[in-house]
Amino acid sequence: MAVERTLSIIKPDATARNQTGAVNALIEKTGLRIIAQKRVRWSKAQAEKFYEVHKARPFYSDLVGFMTSGPIVVQVLEGENAIQVYRDVMGATDPAKAAPGTIRRELAESIERNSVHGSDSAANAAIEIALNFKPEEIVG
Ligand code: IDP
Ligand code: MG
């Protein structure tokens, strides 16, 4: 296994319900380190670019609207196998289908308002981190 970095986002439904700390507690329990973190609000253009891969999906414009509806917390997580470790603790996209103990099962509201994002591959993690952080903002 290798030490990896992944991009995490705490989504507007979670920041609105004061769940930033609850999400971070579940992240840190896995052993992953939060090596960069900032609270921001995305412009429509930033959200459209980030989710470009989903452009053809029926939920795309709703998703862009949701992700720009309030503050988000963008993070870089680091650790052994970080991409898969974080996907596992996030749980399934639909909170109703997510396993007990996962972030989405314990904290999320719906398939759209599902509290967190995590990169799905090493290539996408690198792209998503570069879209959201300057190198000097990441302190590993
Ligand atoms: P993931 O976040 O589990 O990787 P993706 O399929 O990459 O799931 O979808 C990106 C985001 O789009 C989801 O996290 C969720 O917020 C939203 N989304 C996915 N599928 C649906 C849907 O069927 N209806 C509404 N929103 C959806
Ligand atoms: Mg995804």
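Everything numeric here is computed off the predicted structure, so don't read it as measured data. (Residues numbered from 1 in each chain as written. Chains lettered and ligands numbered in written order. Predicted model: local features only at pLDDT ≥ 70, side-chain atom pairs only at ≥ 80, totals over all residues. Heavy atoms only, no water.)

Counting across every chain of the model gives two aromatic pairs. Ring geometry for F50 and Y51: centres 5.0 Å apart, planes at 80°, overall edge-to-face. Taken individually, F50 and Y51 each receive the classification buried, so the pair is uniform in this respect. Aromatic ring contacts, followed pair by pair, group W42, F50 and Y51 into a single cluster. If you follow K38 out to its NZ or CZ, it ends over the ring of F133, 4.7 Å from the centre. (Phe/Tyr/Trp six-rings, centres within 6.5 Å; stacked < 30°, edge-to-face > 60°. Buried < 20%, exposed > 50% of the residue type's maximum accessible area, 1.4 Å probe, protein only. Lys NZ or Arg CZ within 6 Å of the ring centre and 35° of its normal.)

As a further point, take the layout of surface pockets. By volume, the largest pocket amounts to about 670 Å³. The wall of the largest pocket is formed by 25 residues, among which Y51, H54, F59, L63 and H117 lie closest to the centre. For the lining of the largest pocket, the secondary-structure elements that each account for two or more residues are α3 (44–50), α5 (82–90), β4 (116–118) and α7 (122–132). No other element matches α7, which puts four residues into the lining of the largest pocket. (1 Å grid on protein atoms, 1.4 Å probe; cavity = no way out; pocket = protein on both sides within 12 Å on 5 of 7 lines; lining within 4 Å. Points joined across faces, edges and corners; volume = space filled by probe spheres on them. Helix = DSSP H or I, 4+ residues; strand = E, 2+ residues; numbered from the N terminus.)

Right, let's get into the site of ligand 1. Neighbouring ligand 1 are the residues K11, H54, F59, L63, R87, T93, R104, I111, E112 and N114. Here R87 contributes a side-chain N or O atom positioned 2.9 Å from an oxygen atom of ligand 1. Here ligand 1 loses 79% of its free accessible area of 530 Å² to cover by the protein chains. More than half of the atoms of ligand 1 fall within 2 Å of the grid points belonging to the largest pocket. Class assignment for the residues of the shell around ligand 1 results in three nonpolar, three polar and four charged. (Near = heavy atom within 4 Å. Polar contact = N/O pair within 3.5 Å; in protein donor to acceptor, adjacent residues only side chain to side chain. Areas by Shrake-Rupley, 256 points an atom, 1.4 Å probe, with all protein chains shown as cover. Sits in = over half its atoms within 2 Å of the grid points. Nonpolar A, V, L, I, M, F, W, Y, C, P; charged D, E, K, R; others polar.)

A full pass over the atoms with the stated rule returns six salt bridges. Among the ionic pairs, R5 bridges to E78, the shortest N-O distance being 2.8 Å. With a gap of 73 residues between them, R5 in strand β1 (residues 3–10) and E78 in strand β3 (residues 72–80) connect regions that are remote in the sequence. Notably, a salt bridge pairs R17 with D13, separated by 2.7 Å at the nearest N-O pair. Note on D13: relative accessible area 0%, which makes it buried. Salt bridges sharing partners connect three or more residues here, namely D13, R17, E109 and R113. (Salt bridge = Lys/Arg side-chain N within 4 Å of Asp/Glu carboxyl O.)

Right, let's talk about the sheet that holds β1 for a bit. The antiparallel open sheet is built from four strands, whose spatial order is β2-β3-β1-β4. Among the strands making up the open sheet, the edge pair consists of β2 (33–40) and β4. Averaged over all pairs of adjacent strands, the angle between their axes in this sheet comes to 20°, without regard to strand direction. Sheet topology note: the β1/β3 ladder contains eight bridges and is antiparallel. Note on β3: the bridge partner recorded for R5 is E78. Packed on one face of the sheet, α5 meets β1, β3 and β4 and runs near 35° to β1. (Pairing = 2+ DSSP bridges. Axes fitted to C-alpha atoms, helices over the stretch in contact; angles between N-to-C directions. Contact = heavy atoms within 4.5 Å.)

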